[in-house]
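Architecture at a glance
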Amino acid sequence: MLNNIENKPHLIVKDHSVSGEEFQLIHNKKMDMLETYPQPSEEKLADYYESEDYISHTDAKRNLFEKVYHFVKSIALKRKLKLINSFSFDGKKLLDVGCGTGDFIKIASDNNWEVTGIEPNKNARSIASHKVRGSVFDIDYLLKLESHSFDLITLWHVLEHLPKLENHIAIFESLLKPNGRLIIAVPNFKSYDASYYKNFWAAYDVPRHLWHFSQAAISNLVQQKNMTVDKIAPMTFDAYYVALLSEKYKKGLMNPLKAFWIGWKSNRMAKRSGEFSSLIYVIKKS
């Protein structure tokens, strides 16, 4: 997408999790989003996920941080379930893209949703598949699904990982039924915690996060594919989680008290501005 002379360097950010390499964030002025540069090839990209600390690909509870993560995750799962159950569809067919270890599709399945999961990571896919009796597939399976077959498609902190961004948005639009909804949750680089931590902001997570979105960027992306943002909701827990990791990257320690203060301040300021650390977008076909 970097094809506009108005694109400007925004930050240089280090991969704190795996490689220690540095990447640029380029501001795409036309779309109002940041793009990681250079982006690894699709073949090499998988190497940047090879870490025992990549928590989305494991159910491990080895330490206090991971135990707290899974406790907060259980609360978030109930909120996600409440959101998807708020819609009135003729059917209840759900596609969860980037389902990780399958906790969301498991709770959805237990609540009478017919679920299909997509997960590129082999280990996470195996764990998820066991939870929902085999209904989880690799990313290539997206192209084998029937058009207009899903009432709801969800991507919980996944869109920022997808290399062929515009192609995937078009695929999701084609898979939705006429009255279906696309739910996208992504970090917001215009939040207070992003401006506070700058290049130490954990939600940049380069190069695994290839794209970094503003509210305008999401609207611009989906409008190109004949969809519109119907509703925006905050993910308030994310400010605290991101602040904990950001403190670790910045100071070498998580510093829970400082992280709680920054997370609380970010959420407090976002109540006025709407710029929460992470946002959920509910999207419908135009």
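Residues numbered from 1 in each chain as written. Predicted model: local features only at pLDDT ≥ 70, side-chain atom pairs only at ≥ 80, totals over all residues. Heavy atoms only, no water.

Let's talk about the overall build of the protein
Cut-off, in case you're wondering: Counting from the N terminus, the helices are DSSP H or I runs at least four residues long and the strands are E runs at least two residues long. Between the two quantities, the radius of gyration covers C-alpha atoms and the globule rule is 2.2 Å times the number of residues to the power 0.38. Exposed residues in this analysis have more than 50% of their type's maximum accessible area, buried residues have under 20%, and partly exposed residues fall in between, with area computed by a 1.4 Å probe over protein chains only.
Summing up its helical and strand segments, the protein has 9 helices and 11 strands in all. Here the C-alpha radius of gyration of the protein, 18 Å, is about what a compact globule of 286 residues would show, namely 19 Å. Once the C-alpha set of the protein is aligned to its principal axes, its extents read approximately 50 × 45 × 40 Å. Within the protein, the fraction of its 286 residues that count as buried is 50%.

Observations concerning the packing of aromatic side chains
Threshold: We call Phe, Tyr and Trp rings a pair once their centres come within 6.5 Å, taking the six-membered ring for Trp, and we label the pair stacked below 30 degrees between planes, edge-to-face above 60, and tilted otherwise.
Per the counting criterion, the structure on display carries 10 aromatic pairs. On the basis of an interplanar angle of 80° and a centroid distance of 4.8 Å, the ring pair of W201 and Y204 is categorised as edge-to-face. A relative accessible area of 1% means that Y204 is categorised as buried. Clustering of aromatic rings is evident, with ring pairs tying together F87, F89 and W113.

Focus on the sheet that holds strand β9 (residues 211–213)
Note the cut-off: Paired strands, in this sense, are two strands between which DSSP finds at least two bridges. To define axes, lines are fitted to C-alpha atoms, for helices over the stretch in contact only, and angles between the resulting N-to-C directions are given on a 0 to 180 degree scale.
Taken in spatial order, the 4 strands make up an open sheet running β1-β2-β3-β9, and their pairing is antiparallel. Of all the strands in the sheet, the pair left with one neighbour each is β1 (8–14) and β9. Neighbour-to-neighbour, the strand axes of the sheet open up by a mean angle of 25°, direction not taken into account. In terms of strand pairing, strand β3 (residues 33–37) meets β9 through 3 bridges, oriented antiparallel. The residue bridging M33 from the neighbouring strand is F213, located in β9.

Points about the nonpolar core
Note the following rule: Residues grouped as a nonpolar core are buried Ala, Val, Leu, Ile, Met, Phe, Trp, Tyr and Cys residues, joined through side-chain atoms within 4.5 Å. Contact criterion: two residues are considered in contact whenever any of their non-hydrogen atoms come within 4.5 Å of each other.
If you look at the biggest cluster of nonpolar residues, it comprises 37 residues, and the most contacted ones within it are I153, L155, L159 and F213. Taken together, the elements giving at least two residues each to this core come down to β4 (93–97), β7 (150–156), α5 (165–175), β8 (176–187), β9, α7 (215–223) and β11 (278–285). Per-element tally for this core: the top contributor is α5, with 5 residues. Sequence-distant contacts of L155, that is, excluding residues within four places in its chain, are made with D96, V97, L162, F172, L182, I183, I184 and A185. Formed by 23 residues, the second largest nonpolar core is a distinct cluster that contains I84, C99, V136 and A185.

A closer look at the pairing of β11
Within β11, 7 of the 8 residues are buried, which leaves the element mostly enclosed by the surrounding structure. For β8 and β11, the ladder comprises 7 bridges, and the chain directions are antiparallel. By the bridge assignment, P187 is partnered in β11 with S278. Strand direction decides the pairing type here: strand β10 (residues 227–234) and β11, joined by 7 bridges, are antiparallel. Of the residues in β11, the one forming a bridge with K231 is V282.

Regarding the environment of I107
In this fold, I107 is placed in helix α3 (residues 103–110). Remark: the alpha-carbon pair of I107 and K8, spanning 99 residues in sequence, is separated by 43 Å. The residues contacting I107, other than those within four sequence positions of it, are L77 and L81.

Quick notes on the side chain of S149
Filter applied, for reference: Side-chain atoms alone can form a polar contact between residues adjacent in sequence; in general such a contact is a pair of N or O atoms within 3.5 Å, and within protein one must be able to donate a hydrogen while the other accepts it.
Here S149 shows up in the loop between β6 (136–137) and β7. With a relative accessible area of 9%, S149 lands in the buried category. Polar side-chain contacts of S149 include one of 2.5 Å to the backbone oxygen of E146. Contact partners of S149, with chain neighbours within four places excluded, come to K93, L175 and K177.

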